[in-house]
Structure formats: C-alpha cells, structure tokens
Amino acid sequence: MLAIFKRELRSYLFSPLAYVLVAVFVGLGSYFFSVILLSTRVADLGGYFANMALVAMFIAPLLTMRLWSEEEQKGTAELLLTSPVTMAGIVAGKYLAALVVYLLAIGISLLYPLILGLYGEPDWGPIISAYLGFILLGATYLAVGFFASSLTSSQVLAGVTGIGILLLFWIVGWLSSALGPGVGQVTDYLSVLNQFDDFLKGILNSTHLVYYGSLIVTFLFLSVQNLQRRIWGD
Amino acid sequence: MIELAGVTKRFGAKVAVDDLSLRVERGEILGLLGPNGAGKTTTMRIITGYLPPTAGTVRVADVPVPQNPVAVKKAIGYLPETPPLYAELTVREQLAFVAEIKGLPRAERSRDVARAMEETVTLDVADRLVGNLSRGYRQRVGLAQALLGDPQVLILDEPTVGLDPRQIIEIRELIRDLAGERTVILSSHILPEVSQLCQRVAIINRGHLVAQDTPENLARALGRAQRLEAEIKGRPEEIRAALEKVPGVAEVSVGEEVPGRAAGAAASGPGEEDAAQAISAVTLGLAPGADPFRVREDMFFALAAAGLPLLALSAEQLSLEEVFMQLVVEEPAAN
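Residues numbered from 1 in each chain as written. Chains lettered and ligands numbered in written order. Predicted model: local features only at pLDDT ≥ 70, side-chain atom pairs only at ≥ 80, totals over all residues. Heavy atoms only, no water.

### Description of the overall build of chain B
Move 1: A count of helical and extended segments in chain B gives 12 helices and 14 strands.
Move 2: A burial count over chain B gives 48% of its 335 residues as buried.
Move 3: Intrachain contacts of chain B at a sequence separation of at least 6 include 73% that bridge at least 24 residues. (Helix = DSSP H or I, 4+ residues; strand = E, 2+ residues; numbered from the N terminus. Buried < 20%, exposed > 50% of the residue type's maximum accessible area, 1.4 Å probe, protein only. Contact = heavy atoms within 4.5 Å.)

Given below as structure tokens:
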C-alpha cells in the first residue's frame, strides 16, 4: 500500500493536472476571500467556505478521475492486479495520495486566516471547525470521485460521472421543502452541503462525522468491489 | 508446474477459450502458438489470475489459482503484451516500485533490482524515464520487472511483437538465457520464434487446443507430403528402377546431374563410363502414411543391392509454418 501511495503521489507531482487544479482552487479561493472580505469587511471565512464547497465539488472528481481509469487505459492495471497486493491496499494507497494533494491545496488556503489574524480579530472557533468540515467534505468528494474512476477506463467519463454523483448529493437537499417533514428530513440529511452548514457555524456534531465517515467508507468499499468485480465478474 | 484442466472463458456470448487442458512441466519452455484472437492472451491472463475462468481449474505449482491468488502471483513473473510501465518513473524507480509491490523484503530490493537490470542488460538506461525509452528497451524493462522476486514461472505474452529484427534476436537470446531452471510459457504468432525457443508447442485456434508436441514431432506427425532428397551415383533409369520397388515410395523423379560433382567427368571422355559415373539429384515423394524412417532404410538396401552408391540423403520436413497453416485452415472445415 505504501508503494502504491508513494508512486501515486509522485505521479501527481509530475503531472500538470494536479498543479492546474490546485491553481484553479487557490485562484478562485483567493477571489472569493478578497471580494467577500472587501465587501462585508467582516473577519470571517463563512462565505469563502460556502463557495469553495461548490468549487471543490468540481475540483475533486477531476483530481481523482485518473486514479484508476489511467491504470486501465495504460495497461498498468494488469501489473497491479497480477501482483501480490490486495485490492484494499491499492484503493487505500491511491485514495490517500489524492487526499494529500487536496490537503496541500487546503494548506495554501491557510494564508487567509493568517491575513485575518494579522489585520483583524476573527472568531477562531468557526474557522477551525470550518477547516475540519472542509477536509471531511473534500475527503468525501474524493471517495466519490475514486468510485467514478473505478467504473471506467475513460478519464473524461470518470470525471463527469464523479461530478454528476456529487451534484446529485447536493441537490437532493432541495427536495426537502417540497417533500415536507418525514421524507424531507431524509433528503435533507443526505445532502452533502447541508451537513457542512453546522461546521460553518462552529458546531461540531458527531452525526456529521458519522455521515461523512460512512460516505467515505461506502464509496471506497464500492471501489474495492468494483476492482474485484473486474477480476471475478463476467 | 502449470496445469489447466477444462478451462473455458466466455465473454458474454463469445467463447474466448474453449475447454482447454494443458500441462507444463517444471523447467519446460512451452510456446503458445496461434493466430491473432485465438485466445492466447486470455489463456495467459487466466494463468496469472488476472481473469477468472468461466469453468475449469488452473493450478500453478500445485496451488489452485483462485483459492490462493497471492501465493500464485508471487510465483509468477508476467510480461503482458504491452509492458505495464509508468512513463513518469525512471527505469530504476519502476523496478523498485514493482519489487515493493511484489513484497520483497526491503534489504533485498535494490540487490534484486540490480540483478534484474543486469540480466536484461538495462543498466545503461537505469536513470532514464521509462516514457523516453525505445520499444526494445521497454520490453527489456518489462522482462526485468517480471524477473523481480526470482519467480519460478515466467509468462511472456508476445515478447517480441513490434520490435525490429535486431531487437527480436536480442530478446529471444535473452529469453533463452533467462529460462534456465524456470518454467516458461510464451505466446507468439511467429513460428520460427517458437520453434527456436520452445521445447514444446501448443497450437491454439479459436480457443481450442489444436495440437501440442515438440516442434519436430508436429512437423513429422503431419508429414503427409514428406519428401526425401538424395544424391545417387549411377544411370538415371537404373536409379528409377531400383527406387520404384521400395515400399512406401509414391513418386520418383530423377533430376539434373549435380553440377560439378560428376566424379572424374572431366578426365574421361563421353560415353558409357560417363553415364554410370554421373550423380543425379533424386526427389522421392512418400506415400501417405509411410514411415519415413523405414523408407530410408529400405531405400539404402535397395540401392546397395543394385550397386548404386547413395551419396547424400536428407528428409525435407514440413516447416512449422506449413503445419500451422494446415491445422488452422483445416480446423474450421472439420467443425
């Protein structure tokens, strides 16, 4: 697993894709940060994170689309699948590599609270909880993106599928007002962005941790099953 | 060492491999021969555990492949048709990566990588990016990574495809050197390659095993149109008369004098003497089913009895190409 992780991270660092995606992430992030800060003149990152949660929805599947599709496309899947490594090891190594790239992008965004801290007196609680939530949110996006990549040998298809699934997990929340209480509560709960709101308010609720954690585990498990199916299914 | 029993693989309605049974003994080099799309790659993928068979069992080193894939994968070095390499790694990094995923202990990795590079003569490109290598070198690196961990079994899928003639010869020599104690299965649609490298050939067509034997036996067993070529000293009509009496000979044609070989032709003048001294090239067509060894023996004694010296005799065997064409072309007709 460690070998897979190291090689995958290396591939990211040697491919323009990761740099372009991080640049887009940081570029849009800086735009949101400065425009919101200058217009509201409030030292807080709520608006920034609310926008970036959507941006990441597009960035993450593009980051993960190559993870398995490229192996299929270039024939290196045959090397991995005929080597004495477990599927879970392959999936974990690759997923962690994508997660590290995502964390690097978030690392750059730590400049914003630094600026706020230098020139204002921000309320640190919500900022820290928002960062925590944003990491969980991104980790969920990446797991969904990986699953999409495990479905196909085409990177474009993987990217589009990943974005599609994530958009579905967002707009499902819109149904709740139409469906009323009961079912509405369920769709409300399923929405990835609704779960993120509490983090922005500075609330750390274990139900959100369970929600994101179970989505991550589910999609990674489905990815493992998918690779297994390639071997065992017809 | 490797045993396939009744292996069948279907992709939807398409049957890629149909009830294939095959045994490869320890230390043997088996050639899988067949036209493109015959099921060679699928068979190899089933042996390596990359694809599960729809039916039938595969055992490598007495371990059933599906039950213990990790142990089997450790025992096999596999070179797919396109060597699975990461373009952004250097040769050394690529091999180090494979050594690691093959689970080699840390202490042995760099030694094993160096050994594999030495065996495949890739040391001089060790620090170049795999993506910048020529096809021949990529193939070598592919072989090197198959050799990591010193597997007992090597599975090589079309190892010389797409190489230039010089590279082909190099890779063939390499495979011959590497085989050593190892059990090797290699696939090819190039016949001379298989007959040069392999002790045994299995011919596959449309997923069926059509024939398997040594390259010589395959040619011999199908030697329906076998011919014998001889050089015989004596009068052509005497030669013809003597040979036509030999059982198993269907056709005798006494050809031209072998040029420059007529013993003493230059010294003696034309006449009786000269015709008796002439050496003729004779071609014998054998009757179907005749035992070519028996015919050669009988022929020798017949000629000796007639006082006609036999100066040279060679059996012209069907080339593997001809055997292959017969098998592959005849098979659809037999269905």
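### Side note on the pattern of salt bridges
Residues and elements named next belong to chain B.
Move 1: In this structure the tally under the stated criterion is 24 salt bridges over all chains.
Move 2: The closest approach of N and O atoms between Glu3 and Arg23, which form a salt bridge, is 3.5 Å. Here Glu3 is found in strand β1 (residues 2–11), whereas its partner Arg23 is found in strand β2 (residues 14–24), with 20 residues between them in sequence.
Move 3: In this structure Arg23 comes out as partly exposed when scored by relative accessible area, which is 41%.
Move 4: Put simply, Arg166 and Glu170 hold a salt bridge, and the shortest N to O gap is 3.0 Å. (Salt bridge = Lys/Arg side-chain N within 4 Å of Asp/Glu carboxyl O.)

### Quick word on the sheet that holds strand β7 (residues 153–157) of chain B
Strands in a sheet are paired, the pairing made by backbone hydrogen bonds, and the direction either parallel or antiparallel.
All names here are of chain B.
Move 1: Pairing is mixed across the open sheet formed by 6 strands, whose spatial order is β6-β7-β8-β3-β9-β10. One side of each edge strand has no neighbouring strand; the edge strands of this open sheet are β6 (76–79) and β10 (208–213). Neighbour to neighbour, the strand axes of the sheet diverge by 15° on average, direction disregarded.
Move 2: The pairing of strand β3 (residues 29–33) with strand β9 (residues 200–205) spans 4 bridges and is parallel. Along β9, the bridge assignment pairs Leu32 with Ala202.
Move 3: Together, β6 and β7 form the strand contacts of helix α5 (residues 135–147), whose direction differs from that of β6 by roughly 165°. (Pairing = 2+ DSSP bridges. Axes fitted to C-alpha atoms, helices over the stretch in contact; angles between N-to-C directions.)

### A short note on the sheet that holds β1(B)
Residue and element names in this part refer to chain B.
Move 1: Taking strand neighbours across the sheet as the criterion, the 4 strands line up as β2-β1-β4-β5 in an open arrangement whose pairing is antiparallel. Strand pairing shows two members of the sheet lacking a second neighbour, β2 and β5 (63–64), which therefore form its edges.
Move 2: Looking at chain direction, β1 and strand β4 (residues 55–60) are connected through 5 bridges and run antiparallel. When the sheet's bridge partners are listed, Leu4 is paired in β4 with Val58.
Move 3: Packed onto the sheet, helix α1 (residues 40–48) meets β1, β2 and β4 and runs at close to 120° relative to β1.

### Thoughts on a nonpolar patch on the surface
Move 1: Taken together, the side chains of Ile108(A), Leu111(A), Leu114(A), Ile115(A), Leu118(A) and Tyr119(A) present a nonpolar region at the surface, about 660 Å² in accessible area.
Move 2: By the element assignment, Ile115(A) lies in helix α7 (residues 111–119). (Patch = residues over 30% accessible without salt bridge, like charges linked within 9 Å, V, L, I, M, F, W, Y side chains within 5 Å. Areas by Shrake-Rupley, 256 points an atom, 1.4 Å probe, with all protein chains shown as cover.)

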